[in-house]
Amino acid sequence: MTTAITILVDGLSYASWLFIVALGLTLVFGVLKILNIAHGSFYALGAYAAASFVGWFATLKLAPEWSLVAMLLAAVAVAALVAPLTERGLLRFFYGRDEVLLVLVTYALFLMLEDITKLIWGANPYYVSEPYAMFGNIEIGEQIYVGYDFMLMGLAAVVGVAVWWGLNRTRQGKIVLAVIHSEEVASSMGVNVSRVYMLAFAVGIFLACIGGAFTAPLISVQPGISVGVIIVSFAVVIIGGLGSIEGAAIGALIVGLARSCAVHLAPQVELFAIYVVMALVLVFRPEGLFQRIQARKI
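Just so it is clear, the model here is predicted, and its values are computed rather than measured.

Cut-offs used in this document
Residues numbered from 1 in each chain as written. Predicted model: local features only at pLDDT ≥ 70, side-chain atom pairs only at ≥ 80, totals over all residues. Heavy atoms only, no water. Helix = DSSP H or I, 4+ residues; strand = E, 2+ residues; numbered from the N terminus. Rg over C-alpha atoms; globule rule 2.2 N^0.38 Å. Buried < 20%, exposed > 50% of the residue type's maximum accessible area, 1.4 Å probe, protein only. Contact = heavy atoms within 4.5 Å. Areas by Shrake-Rupley, 256 points an atom, 1.4 Å probe, with all protein chains shown as cover. Core = buried A, V, L, I, M, F, W, Y, C linked by side-chain atoms within 4.5 Å. Expected span 1.5 Å × (residues − 1). Polar contact = N/O pair within 3.5 Å; in protein donor to acceptor, adjacent residues only side chain to side chain. Phe/Tyr/Trp six-rings, centres within 6.5 Å; stacked < 30°, edge-to-face > 60°. pLDDT = per-residue confidence, 0-100. Patch = residues over 30% accessible without salt bridge, like charges linked within 9 Å, V, L, I, M, F, W, Y side chains within 5 Å. Salt bridge = Lys/Arg side-chain N within 4 Å of Asp/Glu carboxyl O.

Caption draft 1: The arrangement of the overall build of the chain in detail. When helices and strands are tallied, the chain shows 11 helices and 2 strands. Put simply, the chain runs from its N terminus to its C terminus through helices and strands in the order α-α-α-α-β-β-α-α-α-α-α-α-α. Computed over the C-alpha atoms, the radius of gyration of the chain is 19 Å, within 12% of the 19 Å expected from 2.2 N^0.38 for a compact globule of 298 residues. The C-alpha extent of the chain, read off along each of the three principal axes, is 60 × 50 × 35 Å. Burial analysis of the chain (298 residues in total) assigns 49% to the buried set. A separation of at least 24 residues holds for 78% of the contacts in the chain among residues at least 6 apart in sequence. Here the chain displays about 14,000 Å² of accessible surface, and carbon together with sulfur accounts for 68% of that area.

Laid out in structure tokens, this is it:
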């Protein structure tokens, strides 16, 4: 029983931050139809910015609770700076081109951001310890778990509900859905499609940055963290179905629990357990478990 609870808690904790990151990836694909290889780099930028902001807030001798504000501000700052530069300054020139070309463009952006990150923060690892200790420990049965993991689960739930509500219950969200269904019809009805692209891309980057910022206390922030994140995020959206919020949630849960089971029960298969699950899903559901909307033409 103790092992089962441990697997569940670890799996949910891993799935929480992964869902936030994958949600941004699937949102960008749903609107812009771009498989954004650079999404992992935005995650890394959020993590590095959070490390810097938390350190800066610590020098101001503020209360530890302010470290959470610092991580949120770091995500906002990165998204506000990078989203316009990337979408307006680069991607918009390739809309309407072959989808493979867009993948190559985002891959080139990924390579550039990797070097830019090293130029700004160097190659040494950063550690963000203050927020991790804020929530103490939680005892469940005979095991003690870190409270920060449960905070991440709550954050993922809040983010998921907020994005769903924003898309389905607000005017701007319904405009975004209209563009996803048919760009041509939305444009003929007076929708500024270019602005919708910018909004969706900015939200997608913000979600990646939020994921990076709030996982920074769990990891060593160092060069290379973007690679593993983008690979696992793609596994999530492929399992769940590209463009689906529900699919991102279910996919993250499947990936998180599969990894947790492998780590605790069969560590020797941990490296490829996720991809075995993905392969099995694709055998029976090539389009993923959910397929929200048919892809628009670009």
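There is more to say after this.
Caption draft 2: Quick look at the nonpolar core. The biggest cluster of nonpolar side chains holds 91 residues, and the ones touching the most others in it are V31, F42, L155, F201, I205, F214 and V255. With 14 residues, helix α1 (residues 2-32) is the largest single contributor of residues to this core.

Caption draft 3: Structural view of helix α4 (residues 99-121). With 23 residues, α4 should cover 33 Å at 1.5 Å per step; its first-to-last C-alpha distance of 33 Å lies within 8% of that length. Considered for burial, the residues of α4 that qualify are L102, V105, T106, L109, F110, L113, E114, T117 and W121. On its buried face, α4 sits against α2 (39-59), α3 (66-89) and α9 (225-240). The N-cap of α4, judged by a side-chain oxygen 2.8 Å from the amide nitrogen of V100 a few residues on, is D98. Backbone geometry just downstream of α4 places G122 in the positive-phi region, at approximately 80 degrees.

Caption draft 4: View of α2. Over its 21 residues, α2 extends 31 Å from the first C-alpha to the last, a length consistent with the 30 Å expected when each residue adds 1.5 Å. Positive phi appears at K61, one or two residues downstream of α2, with a value of about 60 degrees.

Caption draft 5: Here's a closer look at the packing of aromatic side chains. All told, the structure shown has 12 aromatic pairs when counted by the stated rule. Arranged with centres 6.2 Å apart and planes meeting at 85 degrees, the rings of F53 and W56 form a pair that is edge-to-face. Here W56 and F53 lie together in helix α2, a separation of 3 residues that amounts to about one turn. A relative accessible area of 24% means that F53 is categorised as partly exposed. Accessibility expressed as a relative area gives 48% for W56, which makes it partly exposed.

Caption draft 6: Spatial organisation of the confidence of the model for the chain. Overall, the predicted model of the chain reaches an average pLDDT of 90, with 97% of residues at or above 70. Residue range residues 293-298 is modelled with pLDDT below 50. Its contacts to residues more than four positions away, or to other chains, number 19 contacts.

Caption draft 7: Structural detail: unusual backbone geometry. Notably, K33 is not glycine yet its phi reads approximately 55 degrees, a positive angle. Relative to the helices and strands, K33 is located in the loop between α1 and α2. Phi is positive for K61, which is not a glycine, with a value near 60 degrees.

Caption draft 8: Quick look at the environment of Q172. Here Q172 lies in helix α6 (residues 171-181). Classification of Q172 by relative accessible area gives partly exposed; the value is 43%. Along the chain, Q172 and L199 lie 27 residues apart, while their C-alpha atoms are 9.5 Å from each other.

Caption draft 9: Fine view of a nonpolar patch on the surface. Together, V227, I231, L271, F272, Y275, V276 and L280 make up an exposed nonpolar region whose accessible area comes to about 640 Å². With 3 residues, the single largest contributor to the nonpolar patch is helix α11 (residues 273-284). Positionally, V227 belongs in helix α9. Look at V227 and you get partly exposed, because its relative accessible area is 36%.

Caption draft 10: Just the environment of G46, in detail. Mapped onto the elements of the fold, G46 is located in helix α2. Assessed through its relative accessible area of 0%, G46 is described here as buried. A sequence separation of 231 residues divides G46 from V277, and the C-alpha atoms of the two residues are 29 Å apart. With near-sequence residues (within four places) excluded, G46 lies in contact with C209, G212 and A213.

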